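# Structural overview
For reference, the chains in residue letters:
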Amino acid sequence: MLFRQLFDSVSGTYTYLLAGRRGGEALIIDPVLEKVDRYLQLMRELDVKLVKAVDTHLHADHVTGLGALRDRTHCITVMGEQTKADVVSMRLADGEKLTVDGVCLDVLYTPGHTDDSYSYIMRDRVFTGDTLLIRGTGRTDFQNGDPRAQYDSIFNKLLRLPEDTMVFPAHDYKGETVSTIGEEKAFNPRLQAKSVDQYVEVMNNLNLPNPKMMDVAVPANMKVGLAQDEIARRGWALSAKDAAALVGRADVAFIDLREATERERHGVIPGSVHAPYPDLRDNIMPGGMLHKLAAADGKQLLFYCAFGERSAMAVQAAQDARLASARHVQGGIDAWKKADGPIERSPGA
Ligand SMILES: [Fe+2]
């Protein structure tokens, strides 16, 4: 496995690059906008393909690299389902898996620092975002932070992991790079609180100044969505309502770009074909499944996903591959449900 810890000295942010193998798929956790060129260079050097860019929570101290990485690599952006970001491609919930080929992380909802904070567990290590830091914990005084929820996330979730689990946080300001659950239990001053009330008392009296970048970072990080207007302007987008009228038509193929877990959780458009987004390139090339559906069988491809972001990128890629009939459902399944479009249970559920 490939594992890299990268540092942004301006914001004190750690970014993690994970891949199953050279030549394989990669994911990146908590990328920083100013470092995107460096990440892309490293990924070229390691010969890995970025498939997912993940933020542990909506950051207040730096602008996320999610949008720039998506624009430059067409990767999937990922956050927790509570996120207030306008559009991320995929939203995860507690208990789900975050996967790319050769890498599988358990998704753990750990609110407290913010109400959208998640941790990701991979066998011998856990990426704790700003929930649990090395000899510290993330502040809880803005972005719907809640010291009581954080106590629960730390004591009843993270500290229950095996003691030798390595802790990789999203920040450190003193040059520490890694700790373990056992070490933090023993030596993290905040975790020596005798009760939840004592912990809350400490957290409510930190009196920290706001992060310098906060007024810039938070609004920027809430507007990370792909601008889909250009796709619509070219006539390549259908509203959920207009698309719903095409269900059952023999000359239209609804193409579901989501993953199996998303299909099981949110249902599928009846009669749709499952073609996960990471396989898109192969599927739209001559000889690929979608190329055949469009070119040989003469069907109109109608892509959809969770919120319209993967499908917008898929339309562009299909158009580039000369599949001129390709369109997408603007706003994805989210908009589809709001428009009362028909849904059926995933065949795999
Ligand atoms: Fe944070």
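Structure first, text after, so check above.
Here we summarise the structure given alongside this text. (Residues numbered from 1 in each chain as written. Predicted model: local features only at pLDDT ≥ 70, side-chain atom pairs only at ≥ 80, totals over all residues. Heavy atoms only, no water.)

### A short note on the nonpolar core
This is how it is decided: Only buried Ala, Val, Leu, Ile, Met, Phe, Trp, Tyr and Cys residues count toward a nonpolar core, and they belong to the same one when joined by side-chain atoms within 4.5 Å. When accessible area is computed with a 1.4 Å probe and restricted to protein chains, residues below 20% of their type maximum are described as buried, those above 50% as exposed, and intermediate ones as partly exposed. Under the scheme used here, helices are H or I runs from DSSP no shorter than 4 residues and strands are E runs no shorter than 2 residues, and both carry numbers assigned from the N terminus. Only heavy atoms matter for contacts: two residues are in contact if any of them lie within 4.5 Å across the pair.
Counting 46 residues, the largest nonpolar core has Leu105 and Phe303 as its most contacted members. The element contributing the most residues to this core is helix α12 (residues 309–320), with six residues. Each residue touching Phe303, except ones within four places of it in the same chain, is listed here: Ile255, Leu257, Leu280, Leu290, Ser311, Ala314, Val315, Ala318, Ala326, Arg327, His328 and Val329. Among the nonpolar cores identified, the runner-up in size contains 29 residues, and Leu58, Ala60, Ala68 and Val88 belong to it.

### Quick word on the coordination of the iron ion
Cut-off, in case you're wondering: Each metal site is built from N, O and S donor atoms within 2.8 Å (3.2 Å for Na, K and Ca), and since water is not included, such sites may look incomplete.
For the iron ion, the full set of protein donor atoms is His57 (NE2), His113 (NE2) and Asp130 (OD), at a range of 2.1 to 2.3 Å. Motif for the iron ion, donor spacing along one chain: H-x55-H-x16-D. Residue His57 is found in the loop between β4 (49–54) and α2 (66–73), and its partner His113 is found in the loop between β8 (103–109) and β9 (118–122); the two are separated by 56 residues along the sequence. A residue is classified by how much of its surface remains accessible, and His57, at 1% relative accessible area, is buried. A residue is classified by how much of its surface remains accessible, and His113, at 5% relative accessible area, is buried.

### Describing unusual backbone geometry
With a phi close to 55°, Asp47 is a non-glycine residue in the positive phi region. Relative to the helices and strands, Asp47 resides in the loop between α1 (36–46) and β4. The class for Asp47 is partly exposed, based on a relative accessible area of 48%. With phi around 65°, Arg322 is a residue other than glycine that occupies positive phi space. Mapped onto the elements of the fold, Arg322 is located in the loop between α12 and β19 (327–329).

### Some details on the sheet that holds strand β15 (residues 237–238)
What counts here: At least two bridges found by DSSP between two strands is the condition for calling them paired. Here, axes are lines fitted to C-alpha atoms. For helices the fit covers the stretch in contact, and angles between N-to-C directions go from 0 to 180 degrees.
Pairing in this open sheet of five strands is parallel, and the strands run β15-β19-β18-β16-β17 from one edge to the other. Edge positions in the sheet fall to β15 and β17 (273–274), since each of these pairs with one other strand and no more. In terms of strand pairing, strand β16 (residues 252–256) meets strand β18 (residues 300–304) through five bridges, oriented parallel. Pairing of Ile255 across the sheet is with Phe303, part of β18. Sheet contacts for α12: β18 and β19; angle to β19, the most-contacted strand, approximately 175°.

### Quick word on the layout of surface pockets
What counts, and what does not: A cavity here means a set of 1 Å grid points, computed over protein atoms only, where a 1.4 Å probe fits but cannot escape. A pocket is an open set with protein on both sides within 12 Å along at least 5 of 7 lines, and lining residues have an atom within 4 Å of a point. Grid points are joined across faces, edges and corners, and a volume is the space filled by probe spheres set on the points. Gly is put with the polar residues, along with every residue not named as nonpolar or charged; the nonpolar set is Ala, Val, Leu, Ile, Met, Phe, Trp, Tyr, Cys and Pro, and the charged set is Asp, Glu, Lys and Arg.
The computed volume of the largest pocket comes to approximately 850 Å³. Around the largest pocket, the lining is made up of 34 residues, and of these Ser11, Asp61, Arg139, His171 and Tyr173 lie nearest the centre. The class makeup of the residues in the lining of the largest pocket is 13 nonpolar, 10 polar and 11 charged. For the second largest pocket, the calculated volume is near 360 Å³. Lining the second largest pocket we find 21 residues, and of these Thr73, His74, Tyr277, Arg281 and Met313 sit closest to its centre.

### Quick word on the pairing of β9
The element β9 is largely enclosed, with a buried count of five among its five residues. Of the two faces of β9, both are covered, the one formed by Tyr118, Tyr120 and Met122 as well as the one formed by Ser119 and Ile121. Where β8 lies against β9, four bridges are found, and the strand directions are antiparallel. Directly across from Leu108, in β9, lies its bridge partner Ser119. The pairing of β9 with strand β10 (residues 125–129) spans three bridges and is classified as antiparallel. In the strand pairing of β10, Tyr120 is matched with Phe127. Counted along the chain from β9 to the antiparallel partner β10, the turn is two residues long, and its residue Arg123 has a positive phi close to 45°.

### Things to note about the packing of aromatic side chains
Here is the rule we go by: Only the six-membered ring of Trp is used, alongside the rings of Phe and Tyr, when aromatic pairs are assigned; centres must lie within 6.5 Å, and planes under 30 degrees apart are stacked while those over 60 apart are edge-to-face, with the rest tilted. The criterion is that NZ of a Lys, or CZ of an Arg, lies within 6 Å of the ring centre and within 35 degrees of the ring normal, and then a charge sits over that ring.
Counted by the stated rule, this structure contains 13 aromatic pairs. When the centroid spacing of 4.1 Å and the interplanar angle of 20° are considered together, the rings of Tyr151 and Phe155 count as stacked. Here the residue Tyr151 and the residue Phe155 both occupy positions in helix α3 (residues 147–156), the gap between them amounting to four residues, near one helical turn. Members of the aromatic cluster, joined through ring pairs, are Phe3, Phe7, Tyr14, Tyr16, Phe127 and Phe168. Seen from the ring of Phe307, Arg91 lies directly overhead, with NZ or CZ sitting 4.4 Å from the centre. It is Arg125 that lies over the ring of Phe3; its NZ or CZ is 4.5 Å from the centre.

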